[in-house]
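The chain contents come next:
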Amino acid sequence: MQAALDITAKYCQKEMEAYGSCVASHPTTWQQECYELKLKVAQCTSTQPVIQKIRQSCSKEFMQFEHCLRENPTTPVSCSPHAVRFLGCAETVDLSGVATNPEPS
């Protein structure tokens, strides 16, 4: 998981920072206010092999987490158990053979 976070930070830092700032600035309306920025993060990370592998391997956990966020837009902290399950799954993904240092596009 640390490798995925490092890749996201390295290749999608601008997008992640903009999205994080938007969410922090709009605690009750971030789902609507930050939607375009969320798409930019998703677009950026979708090209990274490590992140693709984690998404594929942990899609069920990630979908449950996203569903919880949609159902609880004003209290995202209530989705912490879902986030923990997703991150736990991500930690178990076998990343051997996955390129962990792709060239930025």
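Residues numbered from 1 in each chain as written. Predicted model: local features only at pLDDT ≥ 70, side-chain atom pairs only at ≥ 80, totals over all residues. Heavy atoms only, no water.

**Here we look at the overall build of the chain**
If you tally the helices and strands in the chain, you get 6 helices and 0 strands. Taken from N to C terminus, the helices and strands of the chain fall in the order α-α-α-α-α-α. In the chain, buried positions account for 29% of the 105 residues. Considering only intrachain contacts with a sequence separation of at least 6, the fraction spanning at least 24 residues in the chain is 67%. Entry remark: accessible area of the chain is about 6,800 Å², with carbon and sulfur atoms responsible for 56%. (Helix = DSSP H or I, 4+ residues; strand = E, 2+ residues; numbered from the N terminus. Buried < 20%, exposed > 50% of the residue type's maximum accessible area, 1.4 Å probe, protein only. Contact = heavy atoms within 4.5 Å. Areas by Shrake-Rupley, 256 points an atom, 1.4 Å probe, with all protein chains shown as cover.)

**A short note on helix α6 (residues 80-92)**
End to end, α6 covers 19 Å across 13 residues, agreeing with the expected 18 Å (1.5 Å per residue, within 8%). In this structure, the buried side of α6 is in contact with α4 (49-57) and α5 (59-71). (Expected span 1.5 Å × (residues − 1).)

**Comments concerning the side chain of T45**
Mapped onto the secondary structure, T45 falls in helix α3 (residues 35-45). Within the structure, the side chain of T45 is placed 3.3 Å from the backbone oxygen of A42, a separation counted as a polar contact. Separated by 2.9 Å, the side chains of T45 and R55 make a polar contact. Beyond its immediate chain neighbours, meaning those up to four positions away, T45 contacts T8, C12, I51 and R55. (Polar contact = N/O pair within 3.5 Å; in protein donor to acceptor, adjacent residues only side chain to side chain.)

**Brief notes about the pattern of salt bridges**
For the structure shown, the criterion picks out 1 salt bridge. The closest approach of N and O atoms between K38 and E66, which form a salt bridge, is 3.5 Å. With a gap of 28 residues between them, K38 in helix α3 and E66 in helix α5 connect regions that are remote in the sequence. (Salt bridge = Lys/Arg side-chain N within 4 Å of Asp/Glu carboxyl O.)

**Focus: the packing of aromatic side chains**
Scanning all chains against the criterion turns up 1 aromatic pair. A ring pair is formed by F62 and F86, whose centres lie 5.1 Å apart and whose planes are at 55°; its orientation type is tilted. Of this pair, F62 sits in helix α5 while F86 sits in helix α6; the two residues are 24 residues apart in sequence, bridging distant segments of the chain. Owing to a relative accessible area of 12%, F86 belongs among the buried residues under this scheme. (Phe/Tyr/Trp six-rings, centres within 6.5 Å; stacked < 30°, edge-to-face > 60°.)

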